[in-house]
Amino acid sequence: MIPRHIAFVMDGNGRWAQARGLERAEGYKHGLEALMRVVNRLEQLKVETVSVFAFSTENVARPSEEKAAIFEQVIKFNKTYRGTLRVLYVGDIDSLDEDAAESVEEIERRTATNRGTTLNIALNYGARADIAHAAKLAADVGIFTDEEFENSLAFAGAPPLDALVRTGGEKRLSNFMLYEAAYAELFFLDKLWPDMGADDVDDLMKEYALRVRKFGK
Ligand code: FPP
């Protein structure tokens, strides 16, 4: 069984660069290349949706040169990507710098009719704030069904999350897709994100196929 929807916490970019005596910014550049290898393989395997954590609301506290390095890669991708993915952004895009926000709008428009895998990029996103926002809408409206609540979440419309992968050795979710991950299969890899490639995707798919999913039953 191939998952319909798989998510990645792309951790270990800074450490990858530092281990090579490089600036942390280099780690994000290689991180974007790894993302392309991973998503291209998932697209070949016909995975419907891939969601990745590019920048959390908590990452705002990082040094400004590091934030600039992450956004440089995001903007580069937005301006240059010409493949078959349908790219969607999730998170508070309105509060980004004009250049970043415009590039987001541009790639979403350019890829809107693409028929390949959907790539959701979480940028300026935090799961708790997302859930609190949906709860506030529920309170404002009064009567609210589970379905309506889910339609108010940032990932509304995506298939149920089947698998969530974190690279870089840490075993936590770090405020990513907390609601959606309820029955997702979790994978924690020691490998640093820039080292990820098509073979790692194939290994993950094999391990996913062995998992017995019970959904609480
Ligand atoms: C955590 O690794 C990763 C991030 C904060 C962002 C990752 C972003 C990219 C790879 C660019 C992606 C581009 C697009 C278009 C989605 P870390 O650097 O905090 O790792 P560390 O634990 O080694 O410090």
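Residues numbered from 1 in each chain as written. Predicted model: local features only at pLDDT ≥ 70, side-chain atom pairs only at ≥ 80, totals over all residues. Heavy atoms only, no water.

### What to know about the overall build of the protein
Going by this rule: Elements are defined by DSSP. Helices are runs of H or I of four residues or more, strands are runs of E of two residues or more, and each kind is numbered from the N terminus. Note on method: radius of gyration uses C-alpha positions; expected globular size equals 2.2 Å times residues raised to 0.38. Whether a residue is buried, partly exposed or exposed follows from its accessible area with a 1.4 Å probe, protein chains only, as a fraction of its type maximum: under 20%, in between, or over 50%, in that order. We call two residues in contact whenever any of their non-hydrogen atoms come within 4.5 Å of each other. What sets the accessible areas is the Shrake-Rupley method with a 1.4 Å probe; for residues, cover comes only from the shown protein chains.
Counting its regular elements, the protein contains seven helices and six strands. Mapped in sequence order, the helices and strands of the protein form the string β-α-α-β-α-β-α-β-α-α-β-β-α. Taken against the 2.2 N^0.38 rule, which gives 17 Å for 217 residues, the C-alpha radius of gyration of the protein at 17 Å falls within 12% of a compact globule. The C-alpha extent of the protein, read off along each of the three principal axes, is 55 × 45 × 35 Å. Considering the protein as a whole, with its 217 residues, one finds that 47% of them fall into the buried category. Expressed as a percentage of contacts within the protein between residues at least 6 apart in sequence, the contacts between residues at least 24 apart total 74%. Summed over its atoms, the accessible surface of the protein is roughly 11400 Å², and 52% of this surface lies on carbon and sulfur atoms.

### Observations concerning a negative patch on the surface
The following threshold applies: Patches here: salt-bridge-free residues with over 30% relative accessible area, like charges joined within 9 Å, nonpolar side chains (Val, Leu, Ile, Met, Phe, Trp, Tyr) joined within 5 Å. In what follows, salt bridge is the name for a side-chain nitrogen of Lys or Arg lying within 4 Å of a carboxyl oxygen of Asp or Glu. Charged residues are defined here as Lys and Arg on the positive side and Asp and Glu on the negative side; His and the ends of the chain fall outside this count. In this description, the location of a charge corresponds to atom NZ of lysine, CZ of arginine, CG of aspartate or CD of glutamate.
A contiguous patch of negative charge on the surface is contributed by D146, E147, E148 and E150. Residue classification places D146 among the exposed residues on the basis of a relative accessible area of 62%.

### Remarks on the side chain of D162
Looking at the secondary structure, you find D162 in the loop between helix 6 (146-151) and strand 5 (163-166). Apart from residues lying up to four places away in sequence, D162 is in contact with P3, R4, H5, A184, E185, Y208 and R213.

### A word on the site of the ligand
Basically, it comes down to this: One heavy atom within 4 Å of a molecule or strand makes the whole residue count as near it. Any pair of nitrogen or oxygen atoms within 3.5 Å is treated as a polar contact; in protein, a donor-acceptor pairing is required on top of that, and neighbouring residues in sequence qualify only through side-chain atoms on both sides. Here a cavity is any set of points on a 1 Å grid over the protein atoms alone where a 1.4 Å probe fits but cannot get out, and a pocket is any open set with protein on both sides within 12 Å along at least 5 of 7 lines; a residue lines the site when it has an atom within 4 Å of a point. More than half of a molecule's atoms within 2 Å of the grid points is what it takes for that molecule to sit in a cavity or pocket.
Neighbouring the ligand are 18 residues, the closest being G14, R15, R24, Y28 and R62. Contact between the ligand and D11: an oxygen atom at 3.1 Å from a side-chain N or O atom of the residue. Contact distances for the ligand include 2.8 Å between an oxygen atom and a side-chain N or O atom of R62. Its free accessible area being 630 Å², the ligand has 93% of it covered by the protein chains. Here the ligand is seated within the largest pocket. Broken down by secondary-structure element, the contributors of at least two residues to the shell around the ligand are helix 1 (13-19), helix 2 (24-44) and helix 3 (64-80). If you tally residues by element for the shell around the ligand, the top one is helix 2, at five residues.

### Some details on unusual backbone geometry
A positive phi angle, near 70°, is found at K46, a position not held by glycine. Of note, F215 is a non-glycine position whose phi angle comes to about 50°, a positive value. Following the sequence through the fold, F215 ends up in the segment after helix 7 (198-210). Of the residues examined, F215 reaches a relative accessible area of 42% and is grouped as partly exposed.

### Comments concerning the pattern of salt bridges
All chains considered together, the criterion is met by 16 salt bridges. Of the charged contacts, one joins D200 and K191 as a salt bridge, the two residues approaching to 2.9 Å between their closest N and O atoms. We classify D200 as buried; its relative accessible area is 13%. Classification of K191 by relative accessible area gives partly exposed; the value is 35%. Among the charged side chains, a salt-bridge network with shared partners connects D162, E185, E207, R211 and R213.

### What about the packing of aromatic side chains?
For clarity, the threshold we go by: Stacked, edge-to-face and tilted are the three classes for Phe, Tyr and Trp ring pairs, Trp counted by its six-membered ring, which pair at centre distances within 6.5 Å; planes under 30 degrees apart are stacked, over 60 edge-to-face, the rest tilted.
Enumeration over the complete set of coordinates arrives at 10 aromatic pairs. Consider the rings of F53 and F176, whose centres lie 4.4 Å apart with planes at 10°: the pair is stacked. With F53 in strand 2 (residues 49-56) and F176 in the loop between strand 5 and strand 6 (185-188), this pair connects stretches of sequence that are 123 residues apart. Of the two residues examined, F53 and F176, each falls in the buried class. Here the aromatic rings of F55 and F71 are separated by 5.0 Å at their centres, their planes lie at 65°, and the arrangement is edge-to-face. Residue F55 is found in strand 2, and its partner F71 is found in helix 3; the two are separated by 16 residues along the sequence.

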